[in-house]
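As a plain string of letters, each chain reads:
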Amino acid sequence: MAGKVKLTDRKLKSLKPAPAGSRYELMDTEVSGFGVRVTDKGKATFMLLARYPGSKNPTRRAVGDYPTDSLAEAREKARVWRNWIDRGKDPKFEEERERLAEQRKRADTFDAVLETYVTCALPRLRRGHVVERELNREFSERWKGRPITSIERRDVLAVINEITARGAPYQARNILAYLRAMFNWAIQAGDYGLETSPCDRISPKYVIGEFPPRDRVLDDAEIRALWESTALIGYPFGPLVQLLLLTGVRLTEASGAQWSEFDFDREDMWTLKEQAVWTIPPERFKSKFTHLVPLTDQTTSLLNRVPRFSRGDFVFSTTGTKPVSGFSKVKKRIDGLMQE
């Protein structure tokens, strides 16, 4: 069965399956060669009957499936195909050409470059997860879809000035450094048409202001209050903060500590006495060197009271297989306890 009708949504909804072992077509009166083919299973496929470039005879090609594709979408696609055919172009190749062009266009957007940077460059950085979080928070939505070559110096300054105005100059300085590193990486990659960075000649000193060294230290009363507060919050964050106080290591070094890094029976080569030592591997130490931390009796006693999990090796954890996180919330809790 075949015929010509003006295809409508109502007409499509009323289509019946073809008799067993056969199929039928309804051709549209709006677009020449456009129609719908229905099988005996009731499957409806939009098609365009035309003499395609390189073919002597008219052939049918699918332009959509109903109801996945709407009538309006399929009809418009058929019109586009007809236009290409009239100009001697094969729709199959033209669609692929447009797809690749759009893919290249998307690959050069800021968010696409950021995604590649996160995947390829940041895993090698000790604080790569922090850089990823900060860049995504400040820029992923703000510059989403923008060609990376369209980002200008004034765009960067607008963000840095905004962060500074909300009272976060140190964060503004870090964000500028993270963004500068990303653009320098993109230039070195040579894949995005970048020759210069919009971060060039932006000096934190003049844009954000001077950065006096932060020399705030806790006095004896504050250290006592902090120690008592950590005892109240318990494991894992309580002992973690106490280890920071006793050893002076960085937060990331302590939070990522593993039991295999501790030697409680090591013999000191000078005194020939046992000296417990914590060996922080280079991949977790700032200078990328192995760092030895001698442990006092108080520190050893603290670690001996820390529970161990049946699986995993992390000292401060909720499962043993992953280190703890969420330090900002814990800090607020400790600050509240110290003020009581």
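Quick caveat: nothing in here was measured; it's all calculated off a predicted structure. (Residues numbered from 1 in each chain as written. Predicted model: local features only at pLDDT ≥ 70, side-chain atom pairs only at ≥ 80, totals over all residues. Heavy atoms only, no water.)

Trainee: Any chance you could explain the sheet that holds strand β7 (residues 277–280) here in plain terms?
Mentor: Taken in spatial order, the three strands of this open sheet run β6-β7-β8, and their pairing is antiparallel. Because the sheet does not close on itself, it has two edges, and the strands there are β6 (262–263) and β8 (291–294). Sheet analysis places β6 next to β7, joined by two bridges and oriented antiparallel. Opposite F262, over in β7, you have W278 as the bridge partner. (Pairing = 2+ DSSP bridges. Helix = DSSP H or I, 4+ residues; strand = E, 2+ residues; numbered from the N terminus.)

Trainee: Just to check I follow, could you spell out unusual backbone geometry for this structure?
Mentor: Apart from glycine, the bulk of residues carry a negative phi angle, and the bulk of peptide bonds sit in the trans form. A cis amide bond links Y66 with the next residue in sequence, P67, at an omega value of 10 degrees. Mapped onto the secondary structure, P67 falls in the loop between β5 (59–66) and α2 (71–86). The linkage connecting Y235 with the following residue, P236, adopts the cis geometry, with an omega of 5 degrees. For P236, the position within the fold is in the loop between α9 (220–233) and α10 (237–247). One non-glycine residue, R201, lies in positive phi territory at about 65 degrees. Assignment of secondary structure puts R201 in the loop between α7 (169–189) and α8 (204–207).

Trainee: Just to check I follow, could you spell out the packing of helix α4 (residues 110–120) against helix α5 (residues 128–140) for this structure?
Mentor: Relative placement of two packed helices is described by the angle separating their axes and the distance separating the axes. Contact pair α4 / α5: the axes reach a minimum separation of 11 Å and the direction vectors enclose 175 degrees. In terms of orientation, α4 lies roughly antiparallel with respect to α5. In this structure, α4 contributes F110, D111, L114, Y117 and V118 to the contact, and α5 contributes E132, L135, N136, F139 and S140. Taken together, the residues that form the contact of α4 with α5 break down as six nonpolar, two polar and two charged. (Axes fitted to C-alpha atoms, helices over the stretch in contact; angles between N-to-C directions. Parallel < 35°, antiparallel > 145°, perpendicular 65-115°, else oblique. Contact = heavy atoms within 4.5 Å. Nonpolar A, V, L, I, M, F, W, Y, C, P; charged D, E, K, R; others polar.)

Trainee: Would you mind showing me how to read the packing of aromatic side chains here?
Mentor: The description of an aromatic ring pair rests on the distance of the ring centres and on the angle between the ring planes. Scanning all chains against the criterion turns up 14 aromatic pairs. The interplanar angle of 20 degrees and the centroid separation of 5.8 Å between the aromatic rings of F34 and F46 together place this pair among those described as stacked. With F34 in strand β3 (residues 34–39) and F46 in strand β4 (residues 44–50), this residue pair connects regions lying 12 residues apart in the sequence. Take F34: its relative accessible area is 0%, and that puts it in the buried class. (Phe/Tyr/Trp six-rings, centres within 6.5 Å; stacked < 30°, edge-to-face > 60°. Buried < 20%, exposed > 50% of the residue type's maximum accessible area, 1.4 Å probe, protein only.)

Trainee: Sorry, what's going on with the side chain of S317 here?
Mentor: Take S317: it is sitting in the loop between α12 (297–304) and α13 (327–339). Here the side chain of S317 touches K322 through a polar contact of 2.5 Å, landing on its backbone oxygen. When neighbours within four sequence positions are excluded, S317 is seen to be in contact with Y235, P236, F309, K322 and V324. (Polar contact = N/O pair within 3.5 Å; in protein donor to acceptor, adjacent residues only side chain to side chain.)

Trainee: Can you help me understand the environment of P91 in this one?
Mentor: Among the secondary structure elements, P91 is positioned in helix α3 (residues 91–107). Here P91 falls in the buried class, since its relative accessible area comes to 0%. Note: C-alpha distance between P91 and K77 (14 residues apart in sequence) is 9.9 Å.

Trainee: Can you walk me through the side chain of T230 in this structure?
Mentor: Relative to the assigned elements, T230 resides in helix α9. If near-sequence neighbours (up to four positions away) are discounted, T230 is found in contact with G238, V241, Q242 and I334.

Trainee: Would you mind showing me how to read the pairing of β3 here?
Mentor: Relative to β3, strand β2 (residues 23–28) runs antiparallel, the two being bridged by five bridges. Note that in β3 the partner of M27 across the bridge is G35. Linking two consecutive strands that pair antiparallel, namely β2 and β3, is a turn of five residues; a positive phi of about 85 degrees is found at G33 within it. Where β3 and β4 come together, five bridges link them in antiparallel fashion. Its bridge partner being in β4, G35 is matched across the sheet by M47.

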